[in-house]
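Listed below are the residues making up each chain.
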Amino acid sequence: MREQYIRITIGLLVALLWPSPTTWAHHSPSEVIEALSDRIAKGERTPKILVRRGDEYRALGKNEPAIADYLAALKIEKNHPPAVYGLANTHLAQQNFTEAMLAANQGIRVAKNPDEAAPFHAIAARIYDKQGKGESASAAWKKALTSSRPQVDWFLQEARSLQRQGAPQKARQALEQAMTKNPSIVLRRAWLEALVQSGDTDTAAKHIEAGLARSRWKSSWLLLRAKLNLAQHQPEAARRDAQAALQEINSRQRPNTENHYLAAAREQSLAILKHSPLPEPRP
Amino acid sequence: MFLTRKIRQWAWLPVLAGLVSLPLDFETSNAAELYRGPYLQLATPQSMVVVWRTFGKTNPSVRIGNSPEALDRTISGDPITLQVSADVKTTEKLPLLYKEPAADTEKRDARDDDPSTVANTYQYEALVAGLKPATRYYYAVYDGEQQLAGGDKQHYFVTSPPAGSDAKMRIWVVGDSGTGDHIQRDVHLAMQEFTQETKRDLDLYLHVGDMAYGDGTDQQFQHHFFDMYQPTLRNVVCWPTMGNHEGHTSRGISGFGPYYDAYVVPTAAEAGGLPSGTEAYYSFDIADVHFICLDSHDLDRSPDGAMAKWLVADLEEAQGDWLIAFWHHPPYTKGSHDSDREGQLIEMRSHFMPILEAAGVDIVLTGHSHIYERSMLIDGAYATPTTAEGVILDDGDGHPEGDGAYRKSAGLNPHEGTVAIVSGHGGAGLSRRGTMPIMREIIIEHGSVILDIDGETLTSTMINKNNVERDLFSIVKRGKVNITRVEKPWKPVHDFSKLTRFMLTWHEETFGQPPSKWTVAAGAPKAMLIEPQADGKAKQAVVSATDTASVVLFNEYNDHLKTYAANVEITAEKPAPAGLVFAYQDAQNYYTYRLNPETKSGEMLRTVDGNETVLTTKTIDLDFTKPVKVVMKLRRKRIEVQLQDDLEYTVNLTDRLPPGKIGLYVDAGGKAKYSIVYIERGSP
């Protein structure tokens, strides 16, 4: 009973001394930077705080001060993983591939398990991809994907890397493997594209028809079917699909505003129309 | 009523006292004890997930029935999944709840909470399947034959109506609420009062992030979310999106952390939509409403990223008549955040709004910015900075008894208009830094939003923490509506006195001319001119002085100050003391902080009845001919000065700083450049 009173008394004292609720307010990156700078200026120059400030700088696209903070964190603790990660990503964003790779390798070296190493392997893979080093990229993606929580983007990027290397079958297999680990529709759609590219048109056709039947907006399915038709040497059918897709895209796109997805789909439609010319008129 | 409010305001004290005493009990208790929930997740027409936590292992089951007295169906065994805290020793390999990595624990600041799950925790997630759509069920959770919670009229849920059926639902929308204080409690109570007065219960609850300040730790989730909202969480599902504060301990990339432990959301289209394969973003259907949740915090927000690709695919197949999207970082705001300046906000606007509007989105709900802002009916506002020109489809107030409800065609049609709502006013401190030109309502009060959908009509009501209606608009979707754009739309009033923090810029001023809104209080008429910065584009103010000092004052501010900051650069060709003027009463009474290049020092001065006194002089080893960032934080009887984000010192005052004007100062014969002038309003 006495212990309970003591607890309540301590609790009330803590409650009365608790900071005003408004102190929970959070702020914009520049204000967070200011608050973190405040803490650093008052002597709290820890790797964690420096990395947090570096991340905020990175969010504002200020790469140089971000790098300075990551390096300052690494001066205090030479292998602080979040600092290494921030540094690698910032260098990659700046296309400083040598520095980015050095940081990625440092992250891999100090990781204690595959899960910790995976994000650094992914950075290495991206660097290799950007440098056009396909085989090294594939090897790095494989290592990243040993993680127990691989990202959907990693699977996609691995498949894209393989496709760029002219290995559609391998890309398809990689995506099939990915789909056993993650049900994302994005992987399934990429797999369907890979089916078309690798020539498995029958399987692809079944899925495309089902998708067309389900969908309210059909342009992506129509474009996929157009590619399938091209693969099957049916340019007229491909043209019909591309035209139908283009019509739908135009109905959804507002003039003079940017819609990356619809613009890309529109370009695809136009490219298919360009490569599947109208048949010569019969005499 | 007043008494009730007073009691409420202080009601958090004993609660907090209780919370402080709890961990002692946690550590000493060995008996199985319910400490979280039961709460509801992942509702579908045929199923519900009931979640609860205990200290210590139990023999778990859920009993359900059509009345509290007849819980005649028991769910146990395989449909109940178990996760445990990392300290629990088991022979089987169980999924673990969040534990802070050892390396982080060693380095954690003593002031920060341990984010890990409390020891000896068992979390149960029971999938109750085979239910009838739109049906009320009562439930209880058990340890063997011992009832832990429920079995009364307060513990019930209603399954979702079938997908595609006519919508009739009430949704509670809250953001940035997780303080655990009396304001959060009042906002919750206001919603409860509102639902009682209007005799309509909630059907679901959308939380737009920042539900567990400050770092989204497991215990912050407990105290700032579950303890607060349990009376609601036991009856309706909270569908969440992760805020940046949860992001301090949880990761969208890996789906790991206290946030992901707390929620069970669809990854494989369990509640409609298409599989996202992640709990970070997902979709679900309730009746003819399709809901989209995005992660704006820590995932790839590029148009080629997995989240954007998933969204495109999901919306292609969405079949509802209403489309509601929610995430944390607002595409349009000038509250505590600025969507014209911050990367995450800009990306959500420019990459995701086009996809959503091309699919006919009706409502976009966000938080992050601690304010209530609600747009007109807009479409195509993707540019940075956001302007109202060409993007307003209806500039009325949307009130059925005012300018009339917003009109859209029946069903989902591209580019017929969206209303964007920032609901970041659920508990955290409020602020406003500007006026977003597409907004119809900007309200700096704590509160929440209630959405009522009834067939072809959606009504959104903002109630403040005192349950007073502060905004209401409707959207009616019927027949075919011809969409036109308003050429000269209504503009929200830019009332400077309502801004709580703001940056002074000169981008609308003319090079070589004195700026508007500034007055020369001492010095030549053209003592202040606008000139280009080094890049030749950005503008800065240049103040010069001849044989007497120049003081220029900003006309629109005469108030208490909390923060006053600027970049000050003393020109090498005319070196003389220069800096900032504040608490300016008149030409005889004011304060000045100035950098003195001759003595290499920062000087705080007070001028009383025309007599200048130096309060402090601090030697500063900085090059004053390069921009020096000066930040002053003004407190009751002291001023904290910070230079270049690094050097910091405090100046103590004998009197409290009065409210007053602010300005810029240059000593005789000098010239200085000023940029990035920032002000945060103080309180009396």
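Residues numbered from 1 in each chain as written. Chains lettered and ligands numbered in written order. Predicted model: local features only at pLDDT ≥ 70, side-chain atom pairs only at ≥ 80, totals over all residues. Heavy atoms only, no water.

**Student:** Please clarify how the overall build of chain A should be interpreted in this entry.
**Tutor:** Along the backbone of chain A there are 15 helices and zero strands. A burial count over chain A gives 48% of its 283 residues as buried. For chain A, contacts bridging at least 24 residues in sequence account for 47% of all contacts bridging at least 6. By element, 55% of the accessible surface of chain A is carried by carbon and sulfur atoms, the whole surface being about 14,500 Å². (Helix = DSSP H or I, 4+ residues; strand = E, 2+ residues; numbered from the N terminus. Buried < 20%, exposed > 50% of the residue type's maximum accessible area, 1.4 Å probe, protein only. Contact = heavy atoms within 4.5 Å. Areas by Shrake-Rupley, 256 points an atom, 1.4 Å probe, with all protein chains shown as cover.)

**Student:** Even after reading the chapter, I still don't get the pattern of salt bridges, so can you show me in this structure?
**Tutor:** Where side chains of opposite charge bring their charged atoms close, a pairing between them can arise. For the coordinates displayed, the defined rule picks out 39 salt bridges over all chains. Here Arg470 of chain B ties to Glu445 of chain B by a salt bridge, and the two come within 2.8 Å at their closest N and O atoms. Residue Arg470 of chain B is found in strand E25 (residues 469-477), and its partner Glu445 of chain B is found in the loop between strand E22 (439-443) and strand E23 (447-454); the two are separated by 25 residues along the sequence. Judged by relative accessible area, Arg470 of chain B falls into the partly exposed class, the value being 32%. When salt bridges that share partners are traced, they join Arg189 and Arg214 of chain A together with Glu316 and Glu317 of chain B into one network. (Salt bridge = Lys/Arg side-chain N within 4 Å of Asp/Glu carboxyl O.)

**Student:** Would you explain helix H9 (residues 152-164) of chain A in this entry?
**Tutor:** Since the α-helix advances by 3.6 residues per turn, residues separated by three or four positions end up pointing in the same direction. Between its first and last C-alpha atoms H9 of chain A spans 18 Å; for 13 residues at 1.5 Å apiece the expected length is 18 Å, and the two agree. H9 of chain A sits mainly inside the fold: 10 of its 13 residues count as buried. Val152, Asp153, Trp154, Phe155, Leu156, Gln157, Glu158, Ala159, Ser161 and Leu162 of chain A are the residues of H9 of chain A that are buried. Check the buried side of H9 of chain A and you find it contacts helix H7 (114-130), helix H8 (134-144), helix H10 (168-181) and helix H11 (185-198) of chain A together with helix H6 (306-317) of chain B. (Expected span 1.5 Å × (residues − 1).)

**Student:** Would you take a moment to explain the interface of chain A and chain B for this structure?
**Tutor:** Quoted interface sizes are often the accessible area lost when the parts come together. With 62 residues of chain A at the interface, the matching set in chain B holds 81 residues. Both sides of the chain A and chain B interface together cover about 5,800 Å² of buried area, and 54% of this is carbon and sulfur. Between the two partners, chain A and chain B, sit five salt bridges. As a salt-bridge pair, Arg189 of chain A and Glu316 of chain B come within 3.1 Å of each other at their nearest N and O atoms. Inspection of the chain A/chain B interface yields 22 residue pairs in polar contact (both at pLDDT 80 or more). When residues of the side of chain A that touches chain B are traced back to their parent elements, those giving at least two are helix H1 (2-17), helix H2 (29-41), helix H3 (47-59), H9, H11, helix H13 (219-231), helix H14 (235-252) and helix H15 (260-275) of chain A. Looking at the side of chain A that touches chain B, the element that brings in the most residues is H1 of chain A, giving eight residues. Along the lines of polarity and charge, the residues of the side of chain A that touches chain B split into 24 nonpolar, 17 polar and 21 charged. (Buried area = accessible area lost by both parts, 1.4 Å probe. Polar contact = N/O pair within 3.5 Å; in protein donor to acceptor, adjacent residues only side chain to side chain. Nonpolar A, V, L, I, M, F, W, Y, C, P; charged D, E, K, R; others polar.)

**Student:** What is the right way to read the packing of H9 of chain A against H11 of chain A from this model?
**Tutor:** Angle between the axes and distance between the axes are the two parameters that describe a pair of packed helices. All names here are of chain A. Look at H9 against H11: their axes get within 10 Å of each other, and the N-to-C directions meet at 15°. By the criterion of interaxial angle, the relationship of H9 to H11 is roughly parallel. Judged by the sense of rotation from one axis to the other, the crossing of H9 with H11 is left-handed. Side by side, H9 and H11 meet where Val152, Phe155, Leu156 and Gln163 of the first sit next to Val186, Leu187, Ala190, Ala194 and Gln197 of the second. (Axes fitted to C-alpha atoms, helices over the stretch in contact; angles between N-to-C directions. Parallel < 35°, antiparallel > 145°, perpendicular 65-115°, else oblique. Left-handed = near helix turned anticlockwise from the far one by under 90°.)

**Student:** What's the story with unusual backbone geometry in this structure? I'm lost.
**Tutor:** All names here are of chain B. Geometrically, the link from Tyr213 to Gly214 is a cis peptide bond, its omega value of -5° lying close to zero. Mapped onto the elements, Gly214 comes out in the loop between strand E11 (204-207) and helix H4 (218-233). The phi dihedral of Asp176 falls on the positive side, at around 55°, and the residue is not glycine. Looking at the secondary structure, you find Asp176 in the loop between strand E10 (168-174) and helix H3 (182-197). Of the residues examined, Asp176 reaches a relative accessible area of 0% and is grouped as buried. Unlike most non-glycine residues, Ala583 shows phi in positive territory, near 50°. Structurally, Ala583 can be placed in strand E32 (residues 578-586). For Ala583, a relative accessible area of 6% translates into the label buried.

**Student:** Would you mind showing me how to read the environment of Glu445 of chain B here?
**Tutor:** Residues and elements named next belong to chain B. Accessibility expressed as a relative area gives 24% for Glu445, which makes it partly exposed. When the C-alpha atoms of Glu445 and Ser177 are compared, they prove to be 13 Å apart, with 268 residues separating the residues in sequence. Setting aside residues up to four positions removed in sequence, Glu445 forms contacts with His425, Leu430, Asn464 and Arg470. One polar contact links Glu445 to Asn464, side chain to side chain, over a distance of 3.0 Å.

**Student:** I keep staring at the packing of aromatic side chains and nothing clicks. Help me out?
**Tutor:** To describe a pair of aromatic rings, one takes the distance between the centres and the angle between the planes. In total, this model carries 32 aromatic pairs over all chains according to the counting rule given. On the basis of an interplanar angle of 85° and a centroid distance of 5.7 Å, the ring pair of Tyr85 of chain A and Phe120 of chain A is categorised as edge-to-face. With Tyr85 of chain A in helix H5 (residues 81-93) and Phe120 of chain A in helix H7, this pair connects stretches of sequence that are 35 residues apart. A relative accessible area of 28% means that Tyr85 of chain A is categorised as partly exposed. The buried category is assigned to Phe120 of chain A, whose relative accessible area is 5%. On the basis of an interplanar angle of 55° and a centroid distance of 5.9 Å, the ring pair of Phe502 of chain B and Tyr557 of chain B is categorised as tilted. (Phe/Tyr/Trp six-rings, centres within 6.5 Å; stacked < 30°, edge-to-face > 60°.)

**Student:** Got a minute to help me understand the sheet that holds strand E15 (residues 322-326) of chain B in this structure?
**Tutor:** Note: strands within a sheet are paired through backbone hydrogen bonds, in either parallel or antiparallel orientation. Residue and element names in this part refer to chain B. Ordered by their spatial adjacency, seven strands build an open sheet running E13-E14-E15-E16-E21-E17-E22, and the pairing between neighbours is mixed. Each having just a single partner strand, strand E13 (282-286) and E22 make up the two edges of the open sheet. Averaged over all pairs of adjacent strands, the angle between strand axes in this sheet comes to 15°, irrespective of strand direction. Sheet strands touched by H6: E13, strand E14 (289-293) and E15. Its angle to E14, the strand with the most contacts, is close to 175°. (Pairing = 2+ DSSP bridges.)

**Student:** What should I look at first to understand the side chain of Glu603 of chain B in this one?
**Tutor:** Residues and elements named next belong to chain B. Within the secondary structure, Glu603 is located in strand E34 (residues 601-608). A polar atom in the side chain of Glu603 sits 2.7 Å from the side chain of Arg594. A distance of 3.0 Å separates polar atoms of two side chains, one belonging to Glu603 and the other to Asn596. When sequence neighbours within four positions are dropped, the list of residues in contact with Glu603 reads Thr592, Tyr593, Arg594, Asn596, Thr616 and Thr617.

**Student:** Mind showing me how you'd approach the nonpolar core here?
**Tutor:** Grouped burial of nonpolar side chains is what soluble globular proteins tend to show. By size, the foremost hydrophobic cluster in this structure holds 208 residues, and its most contacted members are Trp239 and Ile324 of chain B. The greatest single-element share of this core, amounting to nine residues, is contributed by H11 of chain A. When we break this core down by domain, the ones giving at least three residues each are domain 1 (31-159) and domain 2 (161-496) of chain B. Setting aside residues up to four positions removed in sequence, Trp239 of chain B forms contacts with Leu42, Ala43, Leu204, Tyr205, Leu206, His207, Pro266, Ala271, Tyr282, Phe284, Ile286 and Phe326 of chain B. In this structure, Ile530, Tyr557, Leu595 and Val641 of chain B belong to the second largest nonpolar core, which totals 47 residues. (Core = buried A, V, L, I, M, F, W, Y, C linked by side-chain atoms within 4.5 Å. Domains from an automatic or database assignment.)

**Student:** Looking at this structure, how should I read the confidence of the model for chain A?
**Tutor:** Reading fine detail from the predicted coordinates is not recommended where pLDDT is low. Within chain A, residue pLDDT values average 86, and 87% of them lie at 70 or more. In the predicted structure, residues 1-26 of chain A sits below a pLDDT of 50 and forms 35 contacts with residues beyond four places in sequence or in another chain. (pLDDT = per-residue confidence, 0-100.)

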